[in-house]
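As a plain string of letters, each chain reads:
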Amino acid sequence: MKNDSVRRISAKTLIIIALVIGAAINLIPFIWMLSTSLKTPPEVFKYPPAWIPNPFEWENYRDAYRRINGRVFFNSAFFAIMIVLLQGLVTTMGGFAFARIKFPFRNIIFLIYLGTMMIPPQVTLIPTYIIVVKFGWVNTYQGLILPIVAQGAFGTFLFRQFFIRLPDEMFEAARLDGANYWQQFWRFTLPLSKPVLIAYGVITALTAWKMYLWPLIVVRSNELKVVPIAIAELSGNASQDRGVMMAAVSLSIIPILILYIAAQRWFVEGIAMSGQKG
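Small disclaimer: the values here were computed from a predicted structure and weren't measured.

**Student:** Run through the overall build of the protein, naming residues and quoting values.
**Tutor:** Within the protein one finds 14 helices and 0 strands. Along the protein, helices (α) and strands (β) appear in the sequence α-α-α-α-α-α-α-α-α-α-α-α-α-α when read from the amino end. For a compact globule of 278 residues, the expected C-alpha radius of gyration is about 19 Å, and the protein comes in at 24 Å, more than 25% above that figure. Expressed along its principal axes, the backbone C-alpha trace of the protein runs to roughly 75 × 75 × 30 Å. Across the 278 residues in the protein, those meeting the buried criterion constitute 37%.

Structural data, given as structure tokens:
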């Protein structure tokens, strides 16, 4: 018994050590980014490199915000919020249909739909752009947002896995009370899905916030420019303004970091619950 206890403690200690090492390795680039964002141009290229800036160049952040202004942050925030709301609506309805509505070839259609996740987005990029051009949506919010809303196979799978777990008795009772599918979805299913909804919202918001290729293709004017495009434009002057570029990257991380910290508990719970089946 004593040897088993020692082995369990040793295994737990090794796991903790491995997690600490992994966390440290992942934090090093982040710390270096913050350090570089506070350095003067000569200090950025100093060798050997210094981890602690001397002096702290706070002007880099003012310059970064001047180049990536509030309009750019608004565009990215609006883009991310609309993607979360619209794609969330589509994927929750799809997940409910595949989990709770019986129709012919349901499982086959679901597998085919999941198969679209294996198609690289670059393959559908040109056809999607042609459709956007035909609708006259180039350089518009709808052209920026709506094509992304349709790319929700992962969300549909996530919600389907969670909705399957909900007790059948609840839906049977709702049907006996005269509730149709929409009422079952809106009044019963969604209120019970808060952890999964938040988890998916965080994942989707992060994906939309850092999206670069599609906005680069469909956006033409500065009025619709998003944060990743603005940062990419700064990288053209990286040899002179690397501190400013790192400051801009640091600023771009703050909103999504706050979102993740605020929703962390529900995020972990939602991912865990969606992977269970009972």
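**Student:** Help me get a handle on the confidence of the model for the protein, residues and values and all.
**Tutor:** Of the residues in the protein, 90% have a pLDDT of 70 or more, and the chain-wide mean is 84. Helix 4 (residues 70–100) holds the highest mean pLDDT among the elements of the protein, 92, whereas helix 14 (residues 238–274) holds the lowest, 75.

**Student:** Lay out unusual backbone geometry in plain terms, naming residues and giving numbers.
**Tutor:** At the junction of Asn-54 and Pro-55, the peptide bond is cis and its omega measures out at 5° in the coordinates. Residue placement: Pro-55 occurs in the loop between helix 2 (41–44) and helix 3 (59–67). The phi dihedral of Phe-105 is positive, around 60°, even though this residue is not glycine. The topology assignment puts Phe-105 in the loop between helix 4 and helix 5 (106–115).

**Student:** I'd love a proper account of the nonpolar core, names of residues and values included.
**Tutor:** Residues Phe-79, Ile-83, Leu-144, Ile-145, Ile-148, Trp-214 and Val-218 are the most contacted members of the largest nonpolar core, which totals 17 residues. Elements that contribute at least two residues to this core include exactly helix 4, helix 6 (121–135), helix 7 (141–149) and helix 12 (213–218). No other element matches helix 7, which puts 4 residues into this core. If we skip the residues at most four places from it in the chain, Ile-83 touches Gly-88, Ile-145, Ile-148, Val-149, Thr-204 and Ala-208.

**Student:** Outline the pattern of salt bridges, supporting the account with residue identities and numerical values.
**Tutor:** Summed over the entire model, instances satisfying the criterion amount to 6 salt bridges. With a closest N to O distance of 2.8 Å, Arg-175 and Glu-172 form a salt bridge. Highlighted residues: Arg-175 and Glu-172, both in helix 9 (residues 168–176), separated by 3 residues, approximately one helical turn. With a relative accessible area of 38%, Arg-175 lands in the partly exposed category. Classification of Glu-172 as partly exposed rests on a relative accessible area of 38%.

**Student:** Please provide a residue-by-residue account of the packing of helix 8 (residues 153–165) against helix 11 (residues 194–209), values included.
**Tutor:** Relative placement of two packed helices is described by the angle separating their axes and the distance separating the axes. Where helix 8 contacts helix 11, the two axes come as close as 11 Å, and the packing angle between them is 165°. On the basis of the axis angle, helix 8 is roughly antiparallel to helix 11. Every pair of crossing elements has a handedness; the one defined by helix 8 and helix 11 is right-handed. Here Phe-154, Gly-155, Leu-158, Phe-159 and Phe-162 of helix 8 lie close against helix 11, whose contacting residues are Val-196, Leu-197, Tyr-200 and Ile-203. For the contact of helix 8 with helix 11, the residue count by class is 8 nonpolar, 1 polar and no charged.

**Student:** Any details on a nonpolar patch on the surface? Residues and values, ideally.
**Tutor:** Judged by side-chain polarity, Leu-27, Ile-28, Phe-30, Ile-31, Leu-34, Trp-51, Ile-52, Phe-56, Trp-58, Leu-257, Tyr-260 and Ile-261 come together as a nonpolar surface patch covering roughly 1,200 Å² of accessible area. Of all the elements in the fold, those that place two or more residues in the nonpolar patch are helix 1 (2–37) and helix 14. Among the elements that take part in the nonpolar patch, helix 1 stands out by supplying 5 residues, more than any other. Assignment of secondary structure puts Trp-51 in the loop between helix 2 and helix 3.

Conventions adopted
- Each chain carries its own residue numbering, running from 1 in the direction its sequence is written.
- It should be noted that, the model being predicted, local features are given only for residues of pLDDT at least 70 and side-chain atom pairs only at 80 or more, the latter also being counted only at that level, while totals for whole chains, interfaces and linings use all residues.
- Here the side-chain values reflect all heavy atoms present in the structure, with hydrogen atoms and water set aside.
- The numbering of helices and of strands both runs from the N terminus, where a helix is a DSSP run of H or I of at least 4 residues and a strand a run of E of at least 2.
- All radius of gyration figures rest on C-alpha atoms, and the globule criterion is 2.2 Å times the number of residues raised to 0.38.
- Accessible area is worked out with a 1.4 Å probe on protein chains only. A residue is then buried under 20% of its type maximum, exposed over 50%, and partly exposed in between.
- Per-residue confidence from the prediction method is given by pLDDT, with values spanning 0 to 100.
- In these notes, a set of buried Ala, Val, Leu, Ile, Met, Phe, Trp, Tyr and Cys residues joined through side-chain atoms within 4.5 Å is what counts as a nonpolar core.
- Should any heavy atoms of two residues lie within 4.5 Å, those residues are considered in contact.
- The rule for a salt bridge is simple: a side-chain nitrogen of Lys or Arg has to be within 4 Å of a carboxyl oxygen of Asp or Glu.
- Under this scheme, a helix contributes an axis fitted over its contacting stretch, all axes are lines through C-alpha atoms, and angles between N-to-C directions fall in the 0 to 180 degree range.
- Each angle gets one of four labels, with under 35 degrees taken as roughly parallel, over 145 as roughly antiparallel, 65 to 115 as roughly perpendicular, and the rest as oblique.
- Note: crossing handedness is left-handed where the near helix turns anticlockwise from the far helix by less than a right angle, and right-handed where it turns clockwise.
- We call Asp, Glu, Lys and Arg charged. Ala, Val, Leu, Ile, Met, Phe, Trp, Tyr, Cys and Pro are nonpolar, and the rest, Gly among them, are polar.
- Distance thresholds for patches are 9 Å for like charges and 5 Å for nonpolar side chains (Val, Leu, Ile, Met, Phe, Trp, Tyr), applied to residues having over 30% relative accessible area and no salt bridge.
- Per-residue and other accessible areas were derived by the Shrake-Rupley procedure at a 1.4 Å probe size, with only the shown protein chains allowed to occlude residues.

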